[in-house]
Amino acid sequence: MFARWWIAATLVVFVAGYAFAQDPAKPTDRPTGLPSAIDWTFNIDWKLNENFSLTLTAAFADPQLAVEQAIGRRANFRYGMVFIAYSY
């Protein structure tokens, strides 16, 4: 699932949600319940002026039982990024 909105000619908002599933072709002793992870990403691209652009990103992932059994991690993943670009 994803959505993109052009708020103005210089501002774009993007939201994406992902549900990751296990590969059914590979034998595994992990649970077969879906999904094995759920991820959300929120992104804003803003053209500040003729030379500068700003990108803000925030993301959240909720690993499910299959991820815990595969790599031993159950804690949620969270991250953010600020990116400033200059073009000439």
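Going by the structure above, here's the rest.
Cut-off values and rules
Residues numbered from 1 in each chain as written. Predicted model: local features only at pLDDT ≥ 70, side-chain atom pairs only at ≥ 80, totals over all residues. Heavy atoms only, no water. Helix = DSSP H or I, 4+ residues; strand = E, 2+ residues; numbered from the N terminus. Buried < 20%, exposed > 50% of the residue type's maximum accessible area, 1.4 Å probe, protein only. Contact = heavy atoms within 4.5 Å. Areas by Shrake-Rupley, 256 points an atom, 1.4 Å probe, with all protein chains shown as cover. Pairing = 2+ DSSP bridges. Axes fitted to C-alpha atoms, helices over the stretch in contact; angles between N-to-C directions. Polar contact = N/O pair within 3.5 Å; in protein donor to acceptor, adjacent residues only side chain to side chain.

Caption draft 1: Expanded view of the overall build of the protein chain. Helix and strand content of the protein chain: one helix and five strands. Its helices and strands taken in sequence order, the protein chain reads β-β-β-β-α-β from the N to the C terminus. For the protein chain, the residues scored as buried account for 24% of the 88 residues in total. By sequence separation, contacts in the protein chain at least 24 residues apart represent 41% of the contacts at least 6 residues apart. About 6600 Å² of surface is accessible on the protein chain, with carbon and sulfur atoms providing 63% of the total.

Caption draft 2: Spatial organisation of the sheet that holds strand β5 (residues 77-86). As summarised here, the arrangement of the five strands in space is β1-β2-β3-β4-β5, forming an open sheet in which the pairing is antiparallel. A single partner strand is all that each edge strand has here, and the edge strands are β1 (2-8) and β5. For this sheet, the mean inter-axis angle between neighbouring strands, taken without regard to orientation, is 10 degrees. In this structure, β1 lies alongside strand β2 (residues 11-20), joined through six bridges in antiparallel fashion. Across the sheet, residue Ala8 finds its bridge partner in β2, namely Leu11.

Caption draft 3: Broad picture of the side chain of Asn43. Along the chain, Asn43 turns up in strand β3 (residues 37-47). There is a polar contact of 3.4 Å between the side chain of Asn43 and the side chain of Asp45. Within the structure, the side chain of Asn43 is placed 2.5 Å from the side chain of Thr57, a separation counted as a polar contact. Discounting chain neighbours no more than four positions away, the residues touching Asn43 are Val12, Val13, Phe14, Thr55, Leu56 and Thr57.

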